[in-house]
Amino acid sequence: MWKFTKMLIGTGMLPLCWAVSTSVYQLYQNSVETAASSSLDAWALPIGFFLWVILFFLLPRPVRTYVLGHELTHALWALMMGGRIGKIKVGESGGHVELSKTNVLITLAPYFFPFYTFIVITAYYLLGFAVEVEPYRMWGLAAVGLTWAFHITFTISMLSERQPDIQEHGRLFSYAVIYSANVLLIGLWMVMVGSPEITTFGILLGQELITAYSFVWNYILVGYEQAVLLLQTVNSGENG
């Protein structure tokens with residue numbers, strides 16, 4: 001019953017996925033129009049991203065590194081939500097972490113939270129308290145792009161296989177959460193490293209949410225009215 005409820009919730013999240021996608025695309029268009037095309041910083045992140053995509057297909061894949069980040073993400077989110085962690089097991093074929101509590105976010109976090117990107121960004125800002133990091137901003141952005149691509153490529157690869165985390169909550173619900181969260185993070189990173197402002201992103205997202213759910217609601221109303229007319233026609237035919 002709970003899985004069926006999650007399937008309905010996942011269905012209801014599909015307009016959210018569309019709204020997040022279109023708002024991030026519009027944010028990207030706005031940032032391209034205002035960004036200086038000659039700026040190396042503007043190209044550092046995508047260069048780092050595509051560099052990893054190339055390496056992902058050319059070199060042996062560091063599966064153990066991904067599994068370590070996967071399990072540490074479970075642990076990090078459990079800690080943030082008041083849980084306790086126990087033993088962590090990491091291997092080429094998979095891993096496991098003992099947690100005192102779990103929920104949807106803890107279970108699905110490795111598929112939408114780029115652990116190594118989080119490490120890079122945290123290290124960059126922490127170093128900023130000790131040394132001047134602005135001259136190395138380009139390299140920091142490249143590292144963000146590379147680690148984010150690491151997350152995306154491995155996430156897609158792992159989701160193509162049977163994952164207990166996904167089976168636990170159902171495919172439709174899990175995929176809707178993972179997709180919308182990943183795209184939302186893209187928008188937030190564009191705000192962090194580029195020219196767009198968080199308020200602009202919020203306004204775009206709000207407008208697209210209203211548009212998407214209004215579109216769906218209007219079609220539901222149309223479908224309901226047609227169903228009522230059909231029933232009335234059937235009843236009239238039977239009475240006649």
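Further up the page is the structure itself.
Predicted model, so just to flag it, every value in this text is computed and none were measured.

Caption draft 1: Broad picture of the overall build of the protein. Regarding its fold elements, the protein presents 10 helices and 2 strands. Along the chain direction, N to C, the helices and strands of the protein fall in the order α-α-α-α-β-β-α-α-α-α-α-α. Rg of the C-alpha trace for the protein: 22 Å, well past the compact-globule value of 18 Å for 240 residues, more than 25% over. In terms of its C-alpha atoms, the protein occupies a principal-axis envelope of roughly 85 × 50 × 40 Å. For the protein, the proportion of contacts with a sequence separation of at least 24, taken over those separated by at least 6, is 77%. Looking at the protein as shown, the accessible area adds up to about 14,600 Å², and 70% of this sits on carbon and sulfur atoms. Once the 11 positive and 14 negative side-chain charges of the protein are each reduced to a mean point, those two points are 16 Å apart.

Caption draft 2: Up close: the packing of helix α4 (residues 63-80) against helix α6 (residues 115-127). Where α4 meets α6, the axes come as close as 9 Å, and the angle between the chain directions of the two elements is 75°. By the angle between their axes, α4 is roughly perpendicular relative to α6. Contacts from Thr65, Leu68, Gly69, Leu72, Thr73 and Leu76 in α4 reach Phe115, Tyr116 and Phe118 in α6. Taken together, the residues of the contact of α4 with α6 sort by class into 6 nonpolar, 3 polar and no charged.

Caption draft 3: Spotlight on the pairing of strand β1 (residues 85-91). Bridge analysis of β1 against strand β2 (residues 94-99) gives 5 bridges, and the strand direction is antiparallel. Note that in β2 the partner of Lys89 across the bridge is His96. In sequence, β1 turns back onto β2 through a hairpin of 2 residues.

Caption draft 4: Spatial organisation of a nonpolar patch on the surface. A surface patch of nonpolar side chains, about 630 Å² in accessible area, is lined by Phe215, Val216, Trp217, Tyr219, Ile220 and Leu221. Among the structural elements, Val216 can be located in helix α10 (residues 198-239).

Caption draft 5: Region of the structure containing α6. If you check α6, its first and last C-alpha atoms are 18 Å apart, about what 13 residues at 1.5 Å a residue would give, namely 18 Å. What α6 keeps buried is the set Phe115, Thr117, Ile121 and Tyr124.

Caption draft 6: Fine view of the environment of Ile166. When you line up the elements, Ile166 lands in helix α8 (residues 164-169). When the C-alpha positions of Ile166 and Ala44 are compared, they lie 33 Å apart, and in sequence the two are 122 residues distant. In contact with Ile166, not counting residues within four places along its chain, are Leu108, Tyr111, Leu159, Arg171, Ser174, Tyr175 and Ile178.

Caption draft 7: Just the nonpolar core, in detail. Tyr66, Tyr111, Phe112 and Phe154 are the most contacted members of the largest nonpolar core, which has 35 residues in total. Mapped by element, the contributors of at least two residues to this core are α3 (40-58), α4, α5 (104-112), α7 (137-159) and α9 (171-193). For this core, the element with the most residues is α7, which contributes 9 residues. Of all hydrophobic cores here, the second largest spans 9 residues; its members include Val20, Val183, Met190 and Phe201.

Caption draft 8: A look at the side chain of Glu71. If you trace the backbone, Glu71 turns up in helix α4. For Glu71, which is buried and forms no salt bridge, the nearest opposite charge comes from Lys89, at a distance of 10 Å. Excluding anything up to four places from it in sequence, Glu71 contacts Ile88, Lys89, Gly95, His96 and Val97.

Caption draft 9: Structural context of the packing of aromatic side chains. Within this structure, the stated rule accounts for 16 aromatic pairs. Pairing Trp77 with Phe112 gives two aromatic rings, centres 5.5 Å apart and planes at 85°, and the pair type is edge-to-face. Here Trp77 is found in helix α4, whereas its partner Phe112 is found in helix α5, with 35 residues between them in sequence.

Caption draft 10: Representation of the side chain of Asn182. Mapping Asn182 onto the fold places it in helix α9. A relative accessible area of 10% places Asn182 in the buried class. At 2.9 Å, the side chain of Asn182 and the side chain of His151 are in polar contact. A distance of 2.8 Å separates a polar atom in the side chain of Asn182 from the backbone oxygen of Ile178. Discounting residues that sit within four places of it in the chain, Asn182 has contacts with Tyr111, Phe112, His151 and Ile152.

Criteria and thresholds
- Starting afresh in each chain, residues are numbered from 1 along the sequence in its written order.
- The predicted origin of the model limits local features to residues at a pLDDT of at least 70 and limits the giving and counting of side-chain atom pairs to 80 or more, whereas totals for whole chains, interfaces and linings rest on all residues.
- Side-chain numbers come from the whole structure's heavy atoms, not from hydrogens or water.
- Elements are defined by DSSP. Helices are runs of H or I of four residues or more, strands are runs of E of two residues or more, and each kind is numbered from the N terminus.
- Using C-alpha atoms as the atom set, the radius of gyration is obtained and then compared with a globule rule of 2.2 Å times the number of residues to the power 0.38.
- The criterion used for residue contact is that any of the two residues' heavy atoms lie within 4.5 Å.
- For the area figures, the Shrake-Rupley method with a 1.4 Å probe applies, and any residue is considered shielded solely by the protein chains shown.
- Think of it this way: Lys and Arg go in the positive column, Asp and Glu in the negative one, and His and the chain ends go nowhere.
- A charge is said to be at NZ when it belongs to Lys, at CZ for Arg, at CG for Asp and at CD for Glu.
- Think of each axis as a best-fit line through the C-alpha atoms, taken over the contacting stretch in the case of a helix, with angles from 0 to 180 degrees between the N-to-C directions.
- The cut-offs work like this: below 35 degrees is roughly parallel, past 145 is roughly antiparallel, 65 to 115 is roughly perpendicular, and the gaps in between are oblique.
- Each residue gets one of three labels, nonpolar for Ala, Val, Leu, Ile, Met, Phe, Trp, Tyr, Cys and Pro, charged for Asp, Glu, Lys and Arg, and polar for the others, Gly among them.
- For two strands to be treated as a pair, DSSP must find at least two bridges joining them.
- The residues that make up patches have over 30% relative accessible area and no salt bridge, and they are joined within 9 Å when like-charged or within 5 Å when they are Val, Leu, Ile, Met, Phe, Trp or Tyr.
- We define a salt bridge as a side-chain nitrogen of Lys or Arg found within 4 Å of a carboxyl oxygen belonging to Asp or Glu.
- An expected span of 1.5 Å times one less than the residue number is assigned to each helix.
- Any residue under 20% of the maximum accessible area for its type is buried, any over 50% is exposed, and the rest in between are partly exposed; the area is computed with a 1.4 Å probe on protein chains only.
- To define a nonpolar core, start from buried Ala, Val, Leu, Ile, Met, Phe, Trp, Tyr and Cys residues and group those joined through side-chain atoms within 4.5 Å.
- Two rings from Phe, Tyr or Trp (for Trp, the six-membered ring) form a pair when their centres are within 6.5 Å of each other. A pair whose planes differ by under 30 degrees is stacked, one over 60 is edge-to-face, and the rest are tilted.
- Pairs of N or O atoms within 3.5 Å make up the polar contacts considered here, provided that, within protein, one atom can donate a hydrogen while the other can accept it, and that residues adjacent in sequence are counted only when both atoms are side-chain atoms.

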